[in-house]
Amino acid sequence: MNPILSFIIRSFAAVPVTIFTGLISFLFFNVNFLPSVGLALACGGITYLVLGVVMTSIFLKKHQLSRKEYRYIKKNLAEAKKKISRLNKSLFSIRDLSSVKQRIDILRIVKKIQKMAQKEPKRFYQAEQFYFSHLDSVVELTEKYSFLASQPKKSLEINQSLIETRQTLNELTKVLEEDLYHVVSDDVDHLNFEIDVAKHSIKKQKELKFPEENRWLK
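Caption draft 1: View of the environment of serine 6. Relative to the elements of secondary structure, serine 6 occurs in helix α1 (residues 3-27). For serine 6, a relative accessible area of 6% corresponds to the buried category. Separated by 45 residues in sequence, serine 6 and leucine 51 have C-alpha atoms that sit 9.0 Å apart.

Next comes the structure, spelled out in C-alpha cells:
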C-alpha cells in the first residue's frame, strides 16, 4: 500500500471532518471555542485512524494476506530498502567505466523486484531467495569492490581481487535476473494461457466463417 497515497486520502477526509465538527459545535451547539477545537481535532483524528484501518483491511483482502503476514513482509521490505540504499551508494562510488552497464543492470533489477513486492506484497514469497540471500551477497560484494577500487595504489593482489569480484558480480547479475523472472513467472504463465485461449478463439472463428475452405483443407 502506497503510504503517500494513503496519507493524502486520509487527510482529505479528516481535514473537512475537523473543520465541519469545529464549526458545528461552536456555532450551533454553543460550545466554547477551545472545547470546540479539541472536539474537532479528536473527530478528525478518529476519522484519520479509522480510514487507515479500513484501507489496510481492503488492501489485505485484495492481496489475500493476514495482518501478521503483512507486518512480516513490511519488516523485510523495510530492511531491504536500507540494503538497496547501501547498494546504490557503493555502486555509484565506483569509477570503473568498464563496469557501468553491469552496475546499472544490477540496480535496475534489484529496484524492480523491490517495487513489485511493495506494490503487491504477496510477490515477496516468490522472491524470498533474493531477500534472504542474493541481495545480501550483491551488497557485500559491491561494497568490497568499491573499497578496493578506491585505493590509490593497487597491488597485484588487489587487482586480482577486483577481477574476481567483477566476475562474481557478473554471475550474481544472472542470478538476480532469475529472481526477477521467478517473481513474474505467474504473470508469464497467465499471459501464455491467455495467448492460447485467444489463438483457439481465432481458429474457431475462422472455422465458422470459412467452413467449406476448412473442410477441403482437412
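Caption draft 2: Structural detail: the packing of aromatic side chains. Under the definition given, this model contains seven aromatic pairs. An angle of 55° between the planes, with centres 5.5 Å apart, marks the rings of phenylalanine 59 and tyrosine 70 as tilted. With phenylalanine 59 in helix α2 (residues 33-63) and tyrosine 70 in helix α3 (residues 67-91), the pair connects residues that are 11 residues apart, well separated along the chain. Comparing phenylalanine 59 with tyrosine 70, the two get one shared label, buried. Relative to phenylalanine 124, the ring of tyrosine 72 lies with its centre 5.9 Å away and its plane at 85°, an arrangement referred to as edge-to-face. Note that tyrosine 72 is positioned in helix α3 and phenylalanine 124 in the loop between α4 (100-119) and α5 (128-149), a separation of 52 residues in sequence. An aromatic cluster of three or more residues is present, and its members are Tyr72, Phe124, Tyr125, Phe130, Tyr131 and Phe132. Over the ring of tyrosine 48 we find arginine 10; its NZ or CZ atom is 4.0 Å from the centre of that ring.

Caption draft 3: Seen up close, the packing of α1 against α2. At a minimum axis distance of 8 Å, the contact between α1 and α2 shows a crossing angle of 150°. Judged on the interaxial angle alone, α2 and α1 are roughly antiparallel. Classified by chirality, the crossing of α2 by α1 is right-handed. Residue composition of the contact of α1 with α2, by class: 15 nonpolar, 10 polar and one charged.

Caption draft 4: Broad picture of a nonpolar patch on the surface. Taken together, the side chains of Val15, Ile19, Leu23, Phe26, Leu27, Phe28, Phe29, Phe33, Leu34, Val37 and Leu41 make up a nonpolar region of the molecular surface, amounting to roughly 1200 Å² of accessible area. Breaking the nonpolar patch down by element, the ones donating at least two residues are α1 and α2. Counting residues per element, the nonpolar patch draws most heavily on α1, at five residues. Mapping isoleucine 19 onto the fold places it in helix α1.

Caption draft 5: Examining unusual backbone geometry more closely. A positive phi is found at glutamine 64, a non-glycine position, where the angle reads about 55°. Along the polypeptide, glutamine 64 turns up in the loop between α2 and α3.

Rules and cut-offs
- Residues numbered from 1 in each chain as written.
- Predicted model: local features only at pLDDT ≥ 70, side-chain atom pairs only at ≥ 80, totals over all residues.
- Heavy atoms only, no water.
- Helix = DSSP H or I, 4+ residues; strand = E, 2+ residues; numbered from the N terminus.
- Buried < 20%, exposed > 50% of the residue type's maximum accessible area, 1.4 Å probe, protein only.
- Phe/Tyr/Trp six-rings, centres within 6.5 Å; stacked < 30°, edge-to-face > 60°.
- Lys NZ or Arg CZ within 6 Å of the ring centre and 35° of its normal.
- Axes fitted to C-alpha atoms, helices over the stretch in contact; angles between N-to-C directions.
- Parallel < 35°, antiparallel > 145°, perpendicular 65-115°, else oblique.
- Left-handed = near helix turned anticlockwise from the far one by under 90°.
- Nonpolar A, V, L, I, M, F, W, Y, C, P; charged D, E, K, R; others polar.
- Patch = residues over 30% accessible without salt bridge, like charges linked within 9 Å, V, L, I, M, F, W, Y side chains within 5 Å.
- Areas by Shrake-Rupley, 256 points an atom, 1.4 Å probe, with all protein chains shown as cover.
- Salt bridge = Lys/Arg side-chain N within 4 Å of Asp/Glu carboxyl O.

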